[in-house]
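Working through the structure, step by step
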Amino acid sequence: MTFAETQRSRSEDRRISPVFWVLLATLGTAGWAVATGYGNAGLGVFLFVVAGWMVSLCLHEYAHARTAMHSGDVTIGSKGYLTLNPFKYANAIFSFVLPVLFVVLGGIGLPGGAVYIERHRIQGRLKHSLISAAGPLVNVLCAAVLLIPIGAGWLDNPSVHVTLEGHELNVSPLAAALGFLGLLQVSAALLNLLPVPGLDGYGIIEPWLSLKARRAVEPFAPYGLLAVFIVLWQSEVNRWFFDLVYRIMDLFGVDSTYAALGDYLFRFWKN
């Protein structure tokens, strides 16, 4: 392969895929419809949240891949991980279908796992930790981008009146959609940072554990996420978890009402 062909191949490996552009277009169009009141508000919020959630999942996995590439895994580009194409990831069902399904059913940000990183190519424990931390940090950044405009009052509209379970609220549908999507980002970051095998939180600390400890934990890695959701299914733990999510949202000056209304509008088929 000539130098020109090599450069062309690398460019194609990193070119943003049409699939991601479609997700961005859906996000922008749905956001415009919700902001202007065009069409059904519930359907608009649903499309906005689902598209926004999938965009954040792509960015989450991209952060893992990009950090791994700069840390020494030169195979990342050839696998298509830098194109932001969800169909290029190792397990599209686990990383995209299930997370979207959990949002629809339970309103919680399910972390996925999609990029296969050849860890043996990467030297240094800190680099391994940074690769695992990159994904959750994207969720934190997304949460800030979504919640800051609400907390700053940029989306306040006193003329908008929305009824939620018999209560009149002066919350614009766009602010509600952003609040609910922000809640998903916060919950995803918290879950991902748990030091549980199979989650990014464990990936951050794993390089610093002894070989004996890692071997002892390894058989439980496939069941870590399942165990987390079994625990979260308990009402007391679930309440504690979402109390923590709402406290973090409070740090941005965002009341839980925004997320509650966003969740209500999101489930348009129930309204």
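Throughout, residues of each chain are indexed from 1 in the direction in which the sequence is written. Since the coordinates come from a predicted model, pLDDT governs what is reported: local features require at least 70, and pairs of side-chain atoms require 80 or more to be given and counted, while whole-chain, interface and lining totals use all residues. Think of the side-chain values as coming from all heavy atoms in the structure, minus any hydrogens and water.

On to the pattern of salt bridges, then. We define a salt bridge as a contact between a side-chain nitrogen of Lys or Arg and a carboxyl oxygen of Asp or Glu at a distance within 4 Å. Applying the stated criterion to the full structure yields four salt bridges. K79 is the partner of E118 in a salt bridge, and the nearest nitrogen-oxygen pair spans 3.3 Å. A residue pair is termed long-range when its members are at least 10 positions apart, and E118 in the loop between helix 4 (92–106) and helix 5 (125–151) and K79 in the loop between helix 3 (41–71) and helix 4 qualify at 39 residues. Where E236 meets R239, a salt bridge forms, and the shortest distance between an N and an O atom there is 2.3 Å. One end of the pair is E236 and the other is R239, both in helix 10 (residues 235–251) and three residues apart, which spans about a single turn. Burial here depends on accessible area, computed with a 1.4 Å probe over protein chains only, as a share of the maximum for the residue type. Under 20% is buried, over 50% is exposed, and the range in between is partly exposed. Assessed through its relative accessible area of 42%, R239 is described here as partly exposed. Three or more residues are tied together by salt bridges with common partners; here these are K79, E118 and R121. Helix and strand assignments follow DSSP, with helices taken as H or I runs no shorter than four residues and strands as E runs no shorter than two, numbered in order from the N terminus.

So, on to helix 2 (residues 18–36). Along an α-helix, residues three or four positions apart point the same way, because every turn accommodates 3.6 residues. The length a helix should cover is 1.5 Å for every residue beyond the first. Here helix 2 is 19 residues long and its end C-alpha atoms lie 27 Å apart, about the 27 Å a rise of 1.5 Å per residue gives. Buried within helix 2 are the following residues: F20, L23, L27, A30, G31, A33 and V34. Projected down its long axis, helix 2 carries its buried residues within an arc of 165°, all on one side. Every exposed residue of helix 2 that faces more than 90 degrees away from the buried side is listed here: P18 and V22. Looking at the buried side of helix 2, the elements it contacts are helix 3 and helix 6 (173–192). Note on helix 2: the residue one or two positions beyond its end, G37, has a positive phi of about 80°. It is the directions from the helix axis to the C-beta atoms that the arc portrays. Any two residues whose heavy atoms approach within 4.5 Å at even a single point are treated as in contact.

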